[in-house]
Amino acid sequence: MAQSPAHKFGQLIGNILEDIMLPLLEEYCLNNNLYLDHKAKNRKIRRGKKVTWEDLYGNKHDLDFVIEKDGSDYQRGNPVAFIECAWRRYTKHSRNKAQEIQGAILPLAEKYKWLNPFLGVILAGVFTNDSLKQLKSLGFHILYFPYETVIDAFKVNGIDIKFDEQTPDEDFKKCIEAINNTDAIIKKIGNYLVNKHRQNIDLFLKKLESRLERLVEKVIIVPLFGKTFEFSAIQDAIEYLNRNDADHAIGPFKKYEIRIEFSNGDKVEGEFKTKERVIEFLEFITKN
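Draft legend 1. Representation of the sheet that holds strand 8 (residues 216–225) within the structure. Across the sheet, which stays open at both edges, the 3 strands sit in the order 8-9-10 with antiparallel pairing between neighbours. Since the sheet does not close on itself, it has two edges, and those belong to strand 8 and strand 10 (267–272), each with one partner. Direction aside, neighbouring strands of the sheet carry axes that sit 15 degrees apart on average. Two strands pair when backbone bridges link them, and strand 9 (residues 253–262) and strand 10 are joined in this way by 6 bridges, in the antiparallel orientation.

What follows is the structure in structure tokens.
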């Protein structure tokens, strides 16, 4: 089925949002040894341009941006950020779009919960406060370009996009043709949006950086067994060690010693009596 001109126009806005974010995300990933996957990339390990990930139930989800740790053109890494772009013109569609985004990203966040991935959305157009609150309550970080700003970005470049449900398809077609005829106009529209919302863009990237600057690099678990020996003198302890065969030591379980090493050089250590407490500790780390 052929797409309507209104739908094509929405895709055009979505592409502009992706064009705005692409160089910013690429720079961040390059500086932090991370891999950015997106539709414009010709990645060797996949067919076509879609960035597709599979959830726990085998359902596939197409995304706009995915940031990976240890990823490359030839190897899929661990996803540490899922980011979607979306445009909506009418409030009656904004809640549905929010739910659509949730349906695409939350199952993936659940599958990779041990990585505690960053969940981001770049929105433009008309989104109700309720739809934005709904996304925020589920852990999404939002960069939002309001409808009025998008209108102004086109208007200063000589294009009127104040369309409504009565706008003829012909008007949409003319608008799309005017934009597609030159990359310069698209770039100017993008630059206008960036300049108007520079502070919000920087805040969004700061939240991304805050989440990803402390990725787990290594988890070390040492289960300890054996009897406890206490000595009142150093010499007595040395004598014990000299006659003790550590390679064949046996005894009751004592505790787990845990050390977690992060990409920024931080280390967290802990001692726990049960594996349940170890798991609780690891789950806490993934959420913070």
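Draft legend 2. How the structure looks around unusual backbone geometry. Look at Asp-70: it is not a glycine, yet its phi comes out positive at around 65 degrees. Positionally, Asp-70 belongs in the loop between strand 4 (65–69) and strand 5 (78–88). Positive phi, close to 50 degrees, is recorded for Asn-116, a residue that is not glycine. Looking at the element boundaries, Asn-116 is found in the loop between helix 2 (91–111) and strand 6 (118–125).

Draft legend 3. Geometry of the sheet that holds strand 4. The strand order 1-4-5-6-7 describes an open sheet built from 5 strands, whose pairing is mixed. At either margin of the open sheet sits one strand with a lone partner, and together these are strand 1 (35–38) and strand 7 (141–146). Taken over all neighbouring pairs, the strand axes of this sheet differ in orientation by 15 degrees on average, direction set aside. Here strand 5 runs beside strand 6; their pairing, made up of 8 bridges, is parallel. Bridge pairing in strand 6 links Arg-88 to Gly-125. The strands touched by helix 1 (residues 5–31) within the sheet are strand 1, strand 4, strand 5, strand 6 and strand 7, with strand 5 carrying the most contacts at an inclination of about 150 degrees.

Draft legend 4. Fine view of the nonpolar core. Grouped together as the largest cluster of nonpolar side chains are 50 residues, with contacts concentrated most on Phe-9, Met-21, Phe-145, Phe-154 and Leu-212. At 12 residues, helix 1 tops the list of elements feeding residues into this core. The contacts of Met-21, once residues within four sequence positions are left out, are Phe-65, Ile-122, Leu-143, Phe-204 and Leu-205. In this structure, Ile-101, Tyr-112, Leu-119 and Leu-132 belong to the second largest nonpolar core, which totals 21 residues.

Draft legend 5. Just the environment of Ile-186, in detail. Position of Ile-186 relative to the elements: it lies in helix 6 (residues 183–196). A sequence separation of 170 residues divides Ile-186 from Ile-16, and the C-alpha atoms of the two residues are 7.0 Å apart. Leaving out residues up to four positions away in the same chain, Ile-186 has contacts with Ile-16, Asp-19 and Ile-179.

Rules used throughout
Residues numbered from 1 in each chain as written. Predicted model: local features only at pLDDT ≥ 70, side-chain atom pairs only at ≥ 80, totals over all residues. Heavy atoms only, no water. Pairing = 2+ DSSP bridges. Helix = DSSP H or I, 4+ residues; strand = E, 2+ residues; numbered from the N terminus. Axes fitted to C-alpha atoms, helices over the stretch in contact; angles between N-to-C directions. Contact = heavy atoms within 4.5 Å. Core = buried A, V, L, I, M, F, W, Y, C linked by side-chain atoms within 4.5 Å. Buried < 20%, exposed > 50% of the residue type's maximum accessible area, 1.4 Å probe, protein only.

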